[in-house]
Amino acid sequence: TTGAEIAKCEKNDITTYIGVPNETGLRPTKSVMIVPQTPEETLSAILDFDQYHHWVPYCENSSIVGRFGYSLYYFYQLLDMPLIKNRDMVIKVLVNRSISNKITLSMMAAPNHIDLDLDAVRITLFKANYAIYQDKTTGRTMVEMENEVDPGGFIPTFALNWASRSQPFETFTNLKAH
């Protein structure tokens, strides 16, 4: 979780919280949104890794690099952000469907799953946890995500703070439209 909240942004059925820096200096985030799609449609969009460049901000390229049934995936992303150029990462995704119809995704960096692109800096710390479910009171689909990432290399503090504030909201805004 994000711990103590230091910033909150609410707009278009999306709420983003930014936590205080943890022991590594990173700011974890939590985002919550309401989407018009069903939980399964939302899951389908999140698992369509080849399309991430259409809705994940600064994703230049993405592709699935492994799939094992319907619950374990590996995908690759190449990112190119302002001041944080040429980063790549491999993400392991575990999908769980509960008997209460709640879908959870646990994403974590798997830096050694495929060889490093010698022109990129490999991101080795990435964690994201999604929960997708239908709100029992309103019947609307809710998506929650907690996220923490260290882009690696030397990054100025102001750039990390900017990314902590803008990336979760932009990602959810684009996912909602996708």
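Scroll up to find the structure.
The structure reproduced in this document is the subject of the present report.

Thoughts on the overall build of the chain
In terms of regular secondary structure, the chain is built from three helices and 10 strands. Starting at the N terminus and walking to the C terminus, you meet the elements of the chain as β-β-β-α-α-β-β-β-β-β-β-β-α. Split into buried and exposed, the 178 residues of the chain put 46% on the buried side. Across the chain, the fraction of contacts at a sequence separation of at least 24, relative to all contacts at a separation of at least 6, is 47%. Of the roughly 9,300 Å² of accessible surface on the chain, 52% is carried by carbon and sulfur atoms.

Some remarks on the pattern of salt bridges
Inspection of the entire model under this criterion finds three salt bridges. A salt bridge links Glu40 to Arg97, with the shortest nitrogen-to-oxygen separation between them at 3.4 Å. In this pair, Glu40 is assigned in helix α1 (residues 39–47) and Arg97 in strand β6 (residues 84–97), connecting sequence segments 57 residues apart. For Arg97, a relative accessible area of 42% corresponds to the partly exposed category. Salt-bridge contacts for Asp88 lead to Arg122; the nearest nitrogen and oxygen are separated by 2.8 Å. One end of the pair, Asp88, is in strand β6; the other, Arg122, is in strand β8 (residues 121–122), and 34 residues separate them in sequence. Under the relative-accessibility criterion, Arg122 is labelled buried at 11%.

Description of the environment of Phe154
Note on placement: Phe154 falls in the loop between β10 (141–150) and α3 (157–177). With 70 residues separating them in the primary sequence, Phe154 and Ile84 have C-alpha atoms 9.0 Å apart.

Some words on the nonpolar core
Counting residues in each nonpolar core, the largest one holds 35 residues, and the members touching the most others are Tyr52, Val93, Leu105 and Met107. Of all the elements, β6 adds the most residues to this core, at five residues. In this view, Tyr52 contacts Ala45, Ile46, Cys59, Ser62, Phe75, Gln77 and Met107; residues no more than four positions away in its chain are not counted. Core analysis: the second largest hydrophobic core is formed by seven residues, Leu72, Tyr74, Ala110 and Ala120 among them.

Overview of the packing of aromatic side chains
For the structure on display, the rule yields six aromatic pairs. The interplanar angle of 50 degrees and the centroid separation of 5.6 Å between the aromatic rings of Phe49 and Tyr52 together place this pair among those described as tilted. By relative accessible area, Phe49 is classed as buried at 1%. Look at Tyr52 and you get buried, because its relative accessible area is 4%. For the ring pair Phe68 and Tyr74, a centre distance of 6.2 Å and an interplane angle of 90 degrees mean the geometry is edge-to-face. Using a relative accessible area of 46% as the deciding quantity, one classes Phe68 as partly exposed. Residue Tyr74 is classed as buried on the basis of its relative accessible area, which comes to 12%. Ring pairing ties together the aromatic residues Phe49, Tyr52, Trp55, Tyr73 and Phe75, which thus form one cluster.

Parameters at a glance
Residues numbered from 1 in each chain as written. Predicted model: local features only at pLDDT ≥ 70, side-chain atom pairs only at ≥ 80, totals over all residues. Heavy atoms only, no water. Helix = DSSP H or I, 4+ residues; strand = E, 2+ residues; numbered from the N terminus. Buried < 20%, exposed > 50% of the residue type's maximum accessible area, 1.4 Å probe, protein only. Contact = heavy atoms within 4.5 Å. Areas by Shrake-Rupley, 256 points an atom, 1.4 Å probe, with all protein chains shown as cover. Salt bridge = Lys/Arg side-chain N within 4 Å of Asp/Glu carboxyl O. Core = buried A, V, L, I, M, F, W, Y, C linked by side-chain atoms within 4.5 Å. Phe/Tyr/Trp six-rings, centres within 6.5 Å; stacked < 30°, edge-to-face > 60°.

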